[in-house]
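Working through the structure, step by step
Residues per chain, in single letters:
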Amino acid sequence: MKQFISKRWIALLCIVTMLCTSFVQGNNRVLAKNDMRLNKDNVVLYLNSDNVTKTKSLYQLIVSGLEKDMQVSYVSQNKAIAKVNNKGVITARACGKTEVLVIVSNANGEVIKTLPCKVTVKQNAKTVKITGLPFKSSMGINTPYSFQTNLIGKNGGTSTDLVQWEITDNKADAVVDKNGTVVAKKAGSFTLIAKTYQSKNALKKYKNKAYTATSTPITIKVLKDQYITNKDVKDGKVKLDDKKYGNLVISNTVGDAEILLNRSLIAGELKIESGADTKINVNNSLINSVSTIEPSSVSAMAIQSYGLDIPSIIFSNNAKCKKIVITNDINIEQKGISSISNVSVISSNNTDLNVNLLGKFQEVILDSWNAGGINLGMGDATSIENMSVANNNSNNSISSQTGSIQILDMSTSEKKAPKILTTTVSSTVELKISVEVKTAVVVENTKNASVSFEKPVGELDIEGSNITASIESSVGVLKSSGEKTTIAISATGSVTSATIEGSNTKVEGEGKIGTVSVSASKVEV
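The rules behind each value
Residues numbered from 1 in each chain as written. Predicted model: local features only at pLDDT ≥ 70, side-chain atom pairs only at ≥ 80, totals over all residues. Heavy atoms only, no water. Helix = DSSP H or I, 4+ residues; strand = E, 2+ residues; numbered from the N terminus. Polar contact = N/O pair within 3.5 Å; in protein donor to acceptor, adjacent residues only side chain to side chain. Contact = heavy atoms within 4.5 Å. Phe/Tyr/Trp six-rings, centres within 6.5 Å; stacked < 30°, edge-to-face > 60°. Buried < 20%, exposed > 50% of the residue type's maximum accessible area, 1.4 Å probe, protein only. Pairing = 2+ DSSP bridges. Axes fitted to C-alpha atoms, helices over the stretch in contact; angles between N-to-C directions. Salt bridge = Lys/Arg side-chain N within 4 Å of Asp/Glu carboxyl O. Core = buried A, V, L, I, M, F, W, Y, C linked by side-chain atoms within 4.5 Å. Patch = residues over 30% accessible without salt bridge, like charges linked within 9 Å, V, L, I, M, F, W, Y side chains within 5 Å. Areas by Shrake-Rupley, 256 points an atom, 1.4 Å probe, with all protein chains shown as cover. pLDDT = per-residue confidence, 0-100.

1. A closer look at the side chain of threonine 485
- Mapped onto the secondary structure, threonine 485 falls in the loop between strand E43 (474-480) and strand E44 (486-489).
- Within the local environment of threonine 485, its side chain forms a polar contact with the backbone oxygen of glycine 482, the two atoms lying 3.3 Å apart.
- Those residues in contact with threonine 485, other than ones at most four positions away along the chain, are Ile462, Gly464, Ile467, Ser480, Asn504, Thr505 and Lys506.

2. Topic: the packing of aromatic side chains
- Tallying each qualifying case throughout the model produces one aromatic pair.
- Judged by centre distance (5.1 Å) and plane angle (65°), the rings of tyrosine 145 and phenylalanine 147 are edge-to-face. Taken individually, tyrosine 145 and phenylalanine 147 each receive the classification buried, so the pair is uniform in this respect.

3. What to know about the sheet that holds strand E8 (residues 96-105)
- One open sheet holds the four strands; their spatial order is E2-E9-E8-E5, and the pairing between them is mixed. Looking at the sheet topology across the chains shown, the edges are occupied by strand E2 (42-46) and strand E5 (71-76). The mean angle between the axes of side-by-side strands here comes to 25°, regardless of whether they run parallel or antiparallel.
- Bridge count for E8 against strand E9 (residues 111-122) is 10 bridges, and the pairing is antiparallel. Bridge pairing in E9 places valine 104 opposite lysine 113.

4. What about unusual backbone geometry?
- Here serine 137, not a glycine, exhibits a phi torsion of approximately 50°, which is positive.
- Positionally, serine 137 belongs in the loop between strand E10 (125-131) and strand E11 (138-140).
- The phi torsion at aspartate 173 lies on the positive side, around 50°, for a residue other than glycine.
- Tracing the chain through its elements places aspartate 173 in the loop between strand E14 (162-168) and strand E15 (174-176).
- Judged by relative accessible area, aspartate 173 falls into the partly exposed class, the value being 40%.

5. Some details on the pattern of salt bridges
- One pass over the full model with this rule turns up six salt bridges.
- For the salt bridge of glutamate 454 with lysine 432, the shortest nitrogen-to-oxygen distance reads 3.1 Å. Of the two residues, glutamate 454 sits in the loop between strand E40 (450-453) and strand E41 (457-462) while lysine 432 sits in strand E38 (residues 429-433), which places them 22 residues apart along the sequence.
- Its relative accessible area of 27% is what places glutamate 454 among the partly exposed residues.
- On the basis of relative accessibility, which here comes to 32%, the residue lysine 432 falls in the partly exposed class.

6. Topic: the sheet that holds strand E16 (residues 181-184)
- With respect to topology, three strands assemble into an open sheet ordered E12-E16-E15, the strand pairing being antiparallel. Taken across any chain shown, the strands that pair with only one partner, and hence form the sheet edges, are strand E12 (145-146) and E15.
- Pairing between E12 and E16: two bridges, direction antiparallel. Residue pairing across strands places tyrosine 145 opposite valine 182, the latter belonging to E16.

7. Re the nonpolar core
- With 68 residues, the main nonpolar core has Leu270, Phe315, Ile332 and Ile407 as its most contacted residues.
- Setting aside its immediate chain neighbours within four residues, phenylalanine 315 contacts Val282, Ile287, Val290, Cys321, Ile324, Ile332, Glu333, Gln334, Lys335, Ser338 and Ile340.

8. Observations regarding the pairing of E38
- Residues of E38 alternate between two faces, with Val429, Leu431 and Ile433 buried on one and Glu430 and Lys432 left unburied on the opposite face.
- Strand direction decides the pairing type here: strand E36 (residues 403-409) and E38, joined by five bridges, are parallel. Among the inter-strand pairings, isoleucine 407 is bridged to a residue of E38, identified as isoleucine 433.
- Pairing analysis gives four bridges linking E38 to E40, with the strands arranged parallel. From the neighbouring strand, lysine 432 faces E40, where its bridge partner is serine 452.

9. Description of the environment of lysine 447
- Secondary-structure assignment places lysine 447 in the loop between strand E39 (436-442) and E40.
- Put simply, lysine 447 and threonine 485 are 38 residues apart on the chain and 9.9 Å apart in space, counted from C-alpha to C-alpha.
- Those residues in contact with lysine 447 that lie beyond four places of it in its chain are Thr428, Ser465 and Ile467.

10. Quick look at a nonpolar patch on the surface
- Residues Ile513, Val516, Val518 and Val525 make up a contiguous nonpolar surface patch of roughly 310 Å² in combined accessible area.
- Relative to the helices and strands, valine 516 is located in strand E47 (residues 512-518).
- Judged by its relative accessible area of 40%, valine 516 falls in the partly exposed class.

11. Section: the pairing of strand E25 (residues 265-273)
- Burial analysis of E25 places eight of its nine residues in the buried class, the great majority of the element.
- The pairing of strand E23 (residues 248-250) with E25 spans three bridges and is parallel. For isoleucine 250, the partnering residue across the bridge sits in E25 and is isoleucine 272.
- Across seven bridges, E25 lies against strand E27 (residues 286-293) in parallel orientation. Its bridge partner being in E27, glutamate 273 is matched across the sheet by isoleucine 293.

12. Section: the confidence of the model for the protein
- Overall, the prediction assigns the protein a mean pLDDT of 85, with 84% of residues at 70 or greater.
- The low-confidence segment residues 394-401 (pLDDT under 50) makes 12 contacts with residues lying over four places distant or belonging to another chain.

Structure follows, in structure tokens:
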């Protein structure tokens, strides 16, 4: 009996020992799995190495906590940015971001764990060039000008370095901010230099030793200002031939006098005071910027002496203007091979702003807020390549009411009808367009806007939410992906092809639709 009990106890002890061993081994496998980790889970590489900051284009991943029977493989999610070999060595190939997956398997090929490693590839600049220079490398006093840079890396691609600006030989009391915007306090000159650094940390740690490239120094002249008043008017005209000014201010005291600007340079701004009925002819001249301004205290009383007809500015014969900022009524005409790069129209009060365009314009930005209104007239054969309707007001407390914008057809015949190539809407606005548009887009994140089209539209893309679109003419292709959109097609309106991808969309009216594709819920057609 004792012998039998003894054998039973021995057998039970063996079973417990085996269970404990199995439990410990299982726990060891769990611990091993949890202990597996990479030497780095976030790697920054550079296409070109740097001896000062010790940057490299290679990095080897190492997995710790592996058991003997475990196998490791490496996969790059984007081989065009970074590749990885079977030893875990990552090689930078192009600027961008990707991820390398480290896959751990057992002897049977079963995946035990996947370890991700984020990879960012940058490149140090080899050369840096200051671009976007003002005409004749000249500026006006107290008129900000923003310079840009072109950074080229070792392999010819765009660099990702940090740009630092420096001013030397400063005879104009000029200052430059971190973005390259310069303001000069007086007439004179200064030299501008751009240097590139790998990062803020590299600049802080290694200071001037860490710069990767430096630009060719650019000397900028700051010219004196000129103020034109009624005292300068002779026989109803003001002639400015072969002049060089920083800022040129046209006082409203000139009334309806004609300003003739021939072969001249306005290095800062041409400023036109409101209340003047002047016509400014810009002939073969260069102007960095044009703006409409409120009258100074000296000339404010002169408004009573002259009519309140709006001023006109005409560019012809190879005249060039980089930017026009409009805050008061004005007529703008472009002739021949003259060029105007950018026109910004800003209305920020309860009154309507009237602007008339005639000619060819590259970019027009319309900004209406706080119940401000813009009436933009387009004359015979006038064209706009890119028109943006945006709200750039940074003070949200002011922008409490929706602005309204009308684009008007002021042409004299259908053969001379104006056209807009691309219209982009990105603000809460009441927009009415009475000219032909090739492509119109209401971008994502735009809410509660109302847009109306009275003339043909090639393609209409509605991405925003709570948008109301009124179609009174033909639309070739309609795409609606925003939610809670209402599309009203009048009896004179038609849509050739419609694709509805936004939920709670309603298409209504008495117009016609060719084909409709619906891939969203709660759509009424």
